[in-house]
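Now for the letters of each chain:
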Amino acid sequence: MSVKIKTVSKAIPEYCRNTADILPFLDGWLHGQDERFIRKVKKIFENAAVDKRYAIMSPEEVFTSTSFEEKNQIYKRESIKLGRKCLEDALEKASWKATDLDFIITVSCTGILIPSLDAYLINLLGLRQDIVRLPVTEMGCAAGISGIIYAKNFLKANPGKRAAVVAVEAPSATFQHQDFSMTNIVSAAIFGDGAACVLLSSHEEDEGPEIIGEEMYHFYNAETMMGFDLTNTGLKMVLDIAVPENIEQHFPAIVHPFLAKYELKIEDIDHLIFHPGGKKIVQLVEALFGSMGKNIDDTKEILRMFGNMSSATVLYVLERFLEPGRAAKGDKGFMLSFGPGFSAQRVLLQW
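Residues numbered from 1 in each chain as written. Predicted model: local features only at pLDDT ≥ 70, side-chain atom pairs only at ≥ 80, totals over all residues. Heavy atoms only, no water.

Taking 1.5 Å as the rise per residue, helix H6 (residues 143-156) with 14 residues should run 20 Å; its terminal C-alpha atoms sit 19 Å apart, in good agreement. Here H6 lies mainly inside the structure; 10 of its 14 residues are buried. Along H6, the residues classified as buried are Ala-143, Gly-144, Ile-145, Ser-146, Gly-147, Ile-148, Ile-149, Ala-151, Lys-152 and Leu-155. (Helix = DSSP H or I, 4+ residues; strand = E, 2+ residues; numbered from the N terminus. Expected span 1.5 Å × (residues − 1). Buried < 20%, exposed > 50% of the residue type's maximum accessible area, 1.4 Å probe, protein only.)

Compared with the 26 Å implied by 1.5 Å per residue over 18 residues, the 26 Å span of helix H8 (residues 243-260) between its first and last C-alpha is a close match. Along H8, the helix axis deviates most sharply at His-250, where the bend reaches about 50°; the proline Pro-252 sits within four residues downstream. Residues Val-243, Pro-244, Ile-247, Phe-251, Ile-254, Val-255, Phe-258 and Leu-259 constitute the buried set of H8. On its buried face, H8 sits against strand E8 (210-218), strand E9 (226-231), strand E10 (234-239), helix H9 (279-290), strand E12 (332-339) and strand E13 (343-350). (Bend = angle between axes of the 7 residues up to and from the residue. Contact = heavy atoms within 4.5 Å.)

In this structure, strand E4 (residues 103-107) lies alongside strand E5 (residues 132-136), joined through five bridges in parallel fashion. Counterpart to Phe-103 in the pairing with E5 is Val-132. (Pairing = 2+ DSSP bridges.)

Let us now look at the pairing of E12. Two faces belong to every sheet, and in a regular strand the side chains alternate between them. Counting buried positions along E12 yields eight of eight residues, so the element is predominantly enclosed. Pairing between strand E11 (residues 271-274) and E12: four bridges, direction parallel. Among the inter-strand pairings, Ile-273 is bridged to a residue of E12, identified as Met-335. As paired strands, E12 and E13 are joined by eight bridges and run antiparallel to one another.

The next point concerns the side chain of Glu-214. Summarising the element assignment, Glu-214 is placed in strand E8. Polar side-chain contacts of Glu-214 include one of 3.2 Å to the side chain of Lys-152. Excluding anything up to four places from it in sequence, Glu-214 contacts Ile-149, Lys-152, Asn-153, Phe-258, Tyr-262, Arg-346 and Val-347. (Polar contact = N/O pair within 3.5 Å; in protein donor to acceptor, adjacent residues only side chain to side chain.)

For the rest of this paragraph, the subject is the pattern of salt bridges. Taken as a whole and judged by the stated rule, the model has 25 salt bridges. Across the pair Lys-10 and Glu-319 runs a salt bridge whose closest N-O atoms are separated by 2.7 Å. Residue Lys-10 is found in strand E1 (residues 4-11), and its partner Glu-319 is found in helix H11 (residues 313-321); the two are separated by 309 residues along the sequence. Put simply, Arg-162 and Asp-100 hold a salt bridge, and the shortest N to O gap is 3.8 Å. A residue pair is termed long-range when its members are at least 10 positions apart, and Arg-162 in strand E6 (residues 162-169) and Asp-100 in the loop between helix H4 (68-94) and E4 qualify at 62 residues. Residue Arg-162 shares its accessibility class with Asp-100, and that shared class is buried. Three or more residues are tied together by salt bridges with common partners; here these are Lys-97, Asp-100, Arg-162, Glu-205 and Asp-206. (Salt bridge = Lys/Arg side-chain N within 4 Å of Asp/Glu carboxyl O.)

Right, dumping it as structure tokens:
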């Protein structure tokens, strides 16, 4: 019994700015700071490999000191809008009715929503009353692939069923106005807001790339490498500068044994669907894959056009490979993302 990816749809927030247009807002935010520090911050934004980004708030709102409660209310309102939009669009692309869904998995780590997003979508779209729901909060950037893994296992155990994974993220709501640390600055420079939905099926009639393998890889004693601290001013980013170094050390163990289980080598992979965590991680992984004769050009392009949208970003990359003509029958794709824990999530696809 096979599980296939039927389609992917994305939803972007209403506010959009080129990185060059954000620089003037930094002057106001950094007023009173040392001039060399201000120049350094601007260079970080200019060199982040992100040309533009979308947000649930205007730049004026992002760079205004507001409470955690105020930011989270915006996150709640806009997350529901974005989640509804990408799920509706995905169902339309698949020619499915809302009542065709048996499972719904929602993932987000950039705000707090109880009841979770899936509860709102059930009512807004008229999903079935017996739909099985799974909200995923604490897996960060990796959760887009985590959601696919959970959905695959649901569907593998239940032939003839359909599932939706909805990822909605708003890192702009986590910006710390009074925090001038490199962690807060770098995260502001690389992140953007966005949402995506992937539909999966174990119906024989549904077509799409088949998930032929999936696995998680957990780094030991690395809980402090990435995540959020819940503070009085909101979710405060935790991002260790050693993340790229740790990924490089573990990379062979992440890639080769996983592929070997399916009698494959990296040379057999036609499409790399990698989550763009940020410029340094992208450059590192590009070099590692490049030494194996592969590229992650689509990943770089999504980072340039949208920034890192946490869990939703890898689904933006996946969508590009589902476009007509991008993949041929028999092609294989390797999905990879990293997230808090520290962990790597992997999915193997075959068209």
